[in-house]
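Topology and contacts: notes
Here's the letter readout for the chains.
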Amino acid sequence: RVRLHGLKGAAELNGRCGIAEIFVAASGRWRVMLAAGQCKDIKPENIEQLPPEPAQGQPAAEQLHPGCKVKLHGLKSAVELNGQEGCLDVFVSATGRWRVALKSGVTKDLKAENLELVEPEVMPVEPEVPVPADPVKQEQPPERSEQQREAGQKVDNSAADNL
C-alpha cells in the first residue's frame, strides 16, 4: 500500500492511496493502482509506503483523499474536537497526518485513526479565489490630547514623517 505526494502535474492525486503493482524500468516509475481502479506510473520520490490496513471501524487509507468529509473521534489531547466535522485538505507526509479544515474554520493535522468517513465521494475542494490585499492604508496622524485640543495646538508630526 502506498500514498501519493508531491505531484505537480496531477496535484489532485496527492494524498490518494493505492497499490504499487510493478516497477516500470523503462520509465523508472512504479505503476500504482489507485482505489478507483485508475492506474498511474509514479516516480519513486512521489510515493510513500503505508503501514498495514487499519483496524475494523477505521476508514481504509484508500478511502481518504482531499475533499472527503470526516468526523473527528478518539482525540485525547483535544477532546473538545471529538464529534466535529470537517473536510480533508491534504495529507502531510512528513507527519503522517491529514490536514482537516473544520466547519468552525480551525485547521488541524490529525491521524487517520481519529477520522471517521462521513462522505467518501465528495469532490476535492476547489481552491479559493485569492482576495486582493487591502490597499495601502495611509497612516493617520496621531490623536491630539484633550489639552492640545483645548489649546488649539497641532500635534508635531515631524517624528512620524521620518518613519
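In this report, we go over the structure that sits alongside the text. Residue numbers run consecutively from 1 along every chain, following the written order of its sequence. Side-chain atom pairs in this predicted model are given and counted only at pLDDT of 80 or more, local residue features only at pLDDT of at least 70, and totals for whole chains, interfaces and linings cover all residues. Heavy atoms throughout the structure, all of them, feed into the side-chain values; hydrogens and water do not.

1. With respect to the overall build of the protein
The test is simple: Note on conventions: DSSP H or I runs of at least 4 residues are helices, E runs of at least 2 residues are strands, and numbering of each starts at the N terminus. Relative accessibility decides the category of a residue: with a 1.4 Å probe and only protein chains considered, values under 20% of the type maximum give buried, values over 50% give exposed, and everything between is partly exposed. Contact between two residues is taken to exist if any of their heavy atoms lie within 4.5 Å; hydrogens are not considered. Computed by Shrake-Rupley with a 1.4 Å probe, the accessible areas treat only the displayed protein chains as cover when residues are assessed.
For the protein, the count of helices and strands is two helices and 10 strands. Counting all 163 residues of the protein, 27% fall into the buried class. For the protein, the proportion of contacts with a sequence separation of at least 24, taken over those separated by at least 6, is 42%. Total accessible area on the protein is roughly 11,300 Å²; 51% of this is exposed by carbon and sulfur atoms.

2. A short note on the packing of aromatic side chains
What counts, and what does not: Each Phe, Tyr or Trp ring (for Trp, its six-membered ring) is paired with any other whose centre lies within 6.5 Å, and the angle between the two planes then decides the class: stacked below 30 degrees, edge-to-face above 60, tilted in between.
Evaluated as defined, the whole model comprises one aromatic pair. With 5.3 Å between their ring centres and 65° between their planes, Phe 23 and Trp 30 make a pair best called edge-to-face. We classify Phe 23 as partly exposed; its relative accessible area is 39%.

3. Overview of the sheet that holds strand S3 (residues 29–34)
To keep things clear, this is the line we draw: Only when DSSP finds a minimum of two bridges between them are two strands counted as paired. Note on definitions: angles span 0 to 180 degrees between N-to-C directions of axes, and those axes are lines fitted to C-alpha atoms, for helices only across the stretch in contact.
Strand order across the open sheet formed by five strands is S4-S3-S2-S1-S5, with antiparallel pairing between neighbours. Each edge of the open sheet is held by one strand with a lone partner, namely strand S4 (39–42) and strand S5 (47–49). The average angle at which neighbouring strand axes cross in this sheet is 45°, direction not considered. Looking at chain direction, strand S1 (residues 2–4) and S5 are connected through three bridges and run antiparallel. For Val 2, the partnering residue across the bridge sits in S5 and is Gln 49.

4. Quick word on the side chain of Asn 46
The cut-off we apply is this: Polar contacts, as counted here, are pairs of nitrogen or oxygen atoms within 3.5 Å of one another; within protein the pair requires one atom able to donate a hydrogen and one able to accept it, and residues that are adjacent in sequence qualify only if both atoms are side-chain atoms.
With respect to the helices, strands and loops of the structure, Asn 46 is situated in the loop between S4 and S5. Looking at Asn 46, its side chain comes within polar contact range of the main-chain oxygen of His 5, at 3.0 Å. Within the structure, the side chain of Asn 46 is placed 3.2 Å from the backbone oxygen of Gly 6, a separation counted as a polar contact. Non-local contacts of Asn 46, meaning those with residues more than four positions away in its chain, are made with Arg 3, Leu 4, His 5, Gly 6 and Leu 7.

By themselves these figures say nothing about function.
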